[in-house]
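Spelled out from the first residue to the last, the chains are:
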Number of protein chains: 2
Amino acid sequence: MNTIINNIAIEKAKTSKINEVDFDNLKFGHVFSDHMLECNYKGGKWQTPVVKPYQPIVLDPAAKIFHYGQSVFEGMKAYKDVDEKVWLFRPLENFKRLNISSKRLAIPELPESYFMDGLKTLLEVDKDWIPKKAGSSLYIRPFIFASGNGFHASPADEYKFIICTAPSGAYFAGEVRVLIEEKYSRSANGGVGFAKAGGNYAGQFYPTQLAIEKGYQQVIWTDDNTHEYIEEAGAMNIFVRINDTLVTGPTSDRILDGITRKSIIELAKSENIPVEVRKITVSEVVEAAKNGSLKEMFGAGTAAVISPISGFGYKNEDYELPKFDDTYASYLKKRITDIQTNKAADPFGWRYEVK
Amino acid sequence: MNTIINNIAIEKAKTSKINEVDFDNLKFGHVFSDHMLECNYKGGKWQTPVVKPYQPIVLDPAAKIFHYGQSVFEGMKAYKDVDEKVWLFRPLENFKRLNISSKRLAIPELPESYFMDGLKTLLEVDKDWIPKKAGSSLYIRPFIFASGNGFHASPADEYKFIICTAPSGAYFAGEVRVLIEEKYSRSANGGVGFAKAGGNYAGQFYPTQLAIEKGYQQVIWTDDNTHEYIEEAGAMNIFVRINDTLVTGPTSDRILDGITRKSIIELAKSENIPVEVRKITVSEVVEAAKNGSLKEMFGAGTAAVISPISGFGYKNEDYELPKFDDTYASYLKKRITDIQTNKAADPFGWRYEVK
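Residues numbered from 1 in each chain as written. Chains lettered and ligands numbered in written order. Predicted model: local features only at pLDDT ≥ 70, side-chain atom pairs only at ≥ 80, totals over all residues. Heavy atoms only, no water.

Basically, it comes down to this: UniProt positions are given in the numbering used here, feature names are shortened, and annotations may be inferred rather than shown by experiment.
An unreviewed UniProt entry lists chain A under the name Branched-chain-amino-acid aminotransferase, with Algibacter luteus as the source organism. For the record of chain A, the UniProt heading Function (unreviewed entry) holds the text "Acts on leucine, isoleucine and valine." Looking at chain A in UniProt, the text filed under Cofactor (unreviewed entry) is "pyridoxal 5'-phosphate".

Quick look at the structure:
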C-alpha cells in the first residue's frame with residue numbers, strides 16, 4: 001500500500017532484504033537498503049520525488065550519461081545513537097554543494113525541499129538499515145545524471161536525481177601509504193575539480209593503479225602546471241601537520257570544498273590547535289620529513305572521516321612519518337565522530353536530527 | 001531466428017522501425033537503427049559480442065557509470081555509394097584510440113576482432129539504415145562504460161561495450177561564431193583531455209552555455225595555465241589559416257588526436273598546401289585578424305568533418321573572418337568526403353569497405 005510522508009509518495013518493497021545482511025561485518029558501499037528516492041527532471045522542471053523499492057534503472061543506450069559523463073554526486077552518512085535517534089552531519093552543506101556541482105556541469109539545480117524532504121522520507125522508511133555499531137553508519141549517496149538521449153555533445157533535456165543508501169563499515173582498513181604525483185593530474189584551472197563530478201573520479205583510477213603497483217594505496221595530487229603544490233589526497237582533502245601546526249591548502253576551482261575539511265578547520269581552531277590554510281609545496285613537505293618537523297599527514301572526507309597517512313613516496317625516495325599515540329588525526333576523528341553520533345555536545349550546530 | 005556472422009550471434013528485431021524514418025530530413029543522432037552490438041566484460045575478460053535489437057540498458061543504481069564517470073566513446077560514420085557498397089573511414093584508428101582512451105580511464109582494453117567484427121556484423125544487419133543522400137551518413141557510436149557496482153571510488157569489475165548507429169544529417173547547420181575562452185578550461189596537463197572520456201564533454205557544457213548566451217555557438221579552448229594558447233574548438237580540433245598557411249596545434253595530453261585532424265594534415269601536404277603543426281597563440285590570431293592575414297578558422301572532427309568559423313570574440317571584441325568562395329575549408333571538406341564516400345580515388349588507403 002502506498003503512503004505519503006512529507007508530500008512524498010512511498011511505494012513500499014514487498015519483501016525486505018535486511019535479514020540477509022550481516023551488520024557486524026559490513027564492507028563499504030556493497031549492500032544496499034530496501035528503498036531509494038527517485039526524482040525526474042523533464043519538461044523543464046524537477047518532478048515530485050518518490051520513494052520506491054531499490055530497483056534497476058532502465059535507460060536508452062543513447063542516454064547522455066553513457067556518452068558525455070554529465071553527472072554529479074554527494075556522499076553523506078546517517079548515524080543512530082543509543083536512543084535510536086537518527087542523525088545527519090551538516091546535510092544542507094551537501095545540498096548546497098550538489099547544486100554548485102550541478103551548475104558547473106550544466107545540470108538543472110534541485111529545490112532544497114526535494115533534497116531534504118526526500119532524504120528524510122527515505123531515512124524514515126529505511127530506518128532499520130541504519131547501523132548502530134561504532135564505526136558503522138548508513139552511507140548515503142545522492143546523485144544526478146543525464147538520462148535524456150542524443151549523440152549531440154550538449155546538455156541533456158532529462159535527468160534523474162536518485163538517493164541510495166548502503167549500511168557500511170569503515171572505508172579504509174588502516175593507514176595508507178601515498179605517492180606524490182609528478183606526472184598525472186586530477187584537475188585544471190577553470191575546470192571541474194571543485195565539483196563532485198563523476199568524471200573527476202574516473203580520471204584518477206589509472207594513476208592510482210600505477211601507484212598501487214609501486215606499493216602505495218593512494219596518490220597525492222599536485223597542481224597540473226608545476227606539480228609543486230599539494231592539492232588533494234586520493235578522493236579526499238589533505239592535511240599536513242608541521243610541528244604543532246595543522247596546514248591544509250585553500251579551496252579553489254581545482255580543489256573540492258570538503259565538508260569534513262572545513263569542519264576539521266573549525267574544530268581545530270576551537271581547540272586552540274594552530275591551523276593555517278595556505279598553499280603547501282611538495283618541497284616543504286619533503287624538507288619537513290627530512291628534518292623531523294613533519295609529524296602527520298591525513299586525508300579528510302565523508303567516507304573515511306580522517307584517514308592517516310603512514311608514509312609517502314616522492315622521486316623514488318620513501319619517507320616515513322613518525323608513529324605516536326596522541327595524534328591530531330585520532331583526536332580530531334574522535335571529536336568529529338562523537339559529534340556526528342551524538343556522543344558529545346555539538347557547539348557548532350552541525351548535527352541534524354532526522355525526525 | 002538467430003544467425004551467426006563473423007562468429008557473432010545475431011538476434012534479429014521482430015519488427016523494423018525503418019519505415020517511420022524520413023531519410024530526407026535527418027537530424028544528427030536522434031533516430032537509432034534497429035540493432036545494437038553488446039559485449040560485456042566480466043570475470044576478468046571480454047565476452048563474445050552479440051548483435052541484438054536496439055533496447056534499453058538495465059543497470060543497478062550503484063553501477064559506477066552513474067557515480068565515477070568511467071566511460072569512453074568513439075565517433076565514426078558509414079557511407080553507402082551509388083553501387084550500394086558500404087564504406088568506413090580509417091576504422092582501425094578509432095579502434096586504437098578507443099583502447100588508448102580506455103587505458104587512461106582504467107577500462108580493460110578490447111580485442112581488435114571484437115571491435116571490427118562486431119562493427120561489420122552490425123552494419124551488415126542494419127545496412128538498409130545507411131543513408132545514400134549526399135551529406136548524410138550512418139553515424140556510429142561505439143562506447144564503453146562501467147556497469148559494475150559499488151560506492152568505492154575505484155575501477156569497476158564489469159563493463160559494457162556497445163555500438164549503436166544513427167542515420168544522420170549534418171552536425172552543424174552552417175557557419176559558427178566562437179568565443180575564445182579566458183576563464184574556463186577543458187583539460188589539465190597530465191589529465192584526460194587526449195582521451196575521448198565522457199567527463200571531458202560534460203565539463204564543456206556550462207562554459208559553452210555562457211558563450212551561447214553571449215551570441216556564440218562554440219568555445220575555443222585555451223590552455224588552463226595561461227589561456228594564451230589555442231587548443232580545441234568545442235568538441236573538435238582547430239585549424240587556422242594565416243595567409244596561405246594552414247596551422248594546427250600539436251597533440252598533447254590535453255588535445256585529442258583527431259582522425260579528421262590528421263587526415264587534413266596529410267591531405268593538405270599532399271596537395272602542396274603549406275601546413276604547420278605548432279602551438280598557436282591567441283595574440284597571434286588576434287593580430288592576424290587585425291592585419292588581414294587571418295583568412296580562415298575551422299573545426300575538424302568526425303561529426304562535422306570540417307566546420308567553418310565565421311568570426312570570434314575575445315576580450316569583449318568581435319573579429320570577423322573574410323568571406324570568399326574557394327576556402328581551404330570547403331576544398332578540404334569536399335576532398336575528404338569524396339574519399340569517404342568513394343567518389344574519388346583514395347591514394348592514402350583510408351577507405352575501408354565493409355563486406
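Read on for the rest.
**Looking at the interface of chain B and chain A**
Quick reminder of the rule: Throughout, a residue-residue contact means that at least one pair of heavy atoms, one from each residue, lies within 4.5 Å. For any pair of parts, buried area is found by adding up, for both, the accessible area (1.4 Å probe) each one loses once the two are put together. Any Lys or Arg side-chain nitrogen located within 4 Å of an Asp or Glu carboxyl oxygen qualifies as a salt bridge. Residues adjacent in sequence count toward polar contacts only when both atoms are side-chain atoms; beyond that, a polar contact is any pair of N or O atoms within 3.5 Å, and within protein one must be able to donate a hydrogen and the other to accept it. Helix and strand assignments follow DSSP, with helices taken as H or I runs no shorter than four residues and strands as E runs no shorter than two, numbered in order from the N terminus. Residues are sorted three ways: Asp, Glu, Lys and Arg are charged, Ala, Val, Leu, Ile, Met, Phe, Trp, Tyr, Cys and Pro are nonpolar, and all the rest, Gly among them, are polar. Following DSSP output, two strands are said to pair if at least two bridges run between them.
If you look at the interface, chain B gives 58 residues, while chain A gives 58 residues. Counting the surface lost from both chain B and chain A, the interface buries some 5200 Å², and carbon and sulfur atoms represent 64% of this. Of all residues in chain B, the largest losses of buried area upon contact with chain A belong to B:Phe66, B:Phe151 and B:Phe205, amounting jointly to 15% of the total for that side. The interface formed by chain B and chain A includes zero salt bridges. Connecting chain B to chain A are 21 residue pairs in polar contact (both at pLDDT 80 or more). Of all the elements in the fold, those that place two or more residues in the side of chain B that touches chain A are strand E6 (57-59), helix H1 (64-68), strand E7 (71-73), helix H2 (91-104), strand E10 (137-146), strand E11 (159-168) and helix H4 (198-213) of chain B. Taken together, the residues of the side of chain B that touches chain A sort by class into 33 nonpolar, 19 polar and six charged. One ladder, built from three bridges, connects strand E6 (residues 57-59) of chain A with E6(B); its direction is antiparallel. Note that in E6(B) the partner of A:Leu59 across the bridge is B:Ile57.

**So, the side chain of A:Ser168**
All names here are of chain A. The line we're drawing: Categorising residues by exposure relies on relative accessible area from a 1.4 Å probe, with only protein chains included: less than 20% of the type maximum marks a residue as buried, more than 50% marks it as exposed, and the intermediate range marks it as partly exposed.
The topology assignment puts Ser-168 in strand E11 (residues 159-168). Accessibility expressed as a relative area gives 0% for Ser-168, which makes it buried. Engagement of the side chain of Ser-168 in a polar contact is seen with the backbone oxygen of Ala-166, the distance being 2.9 Å.

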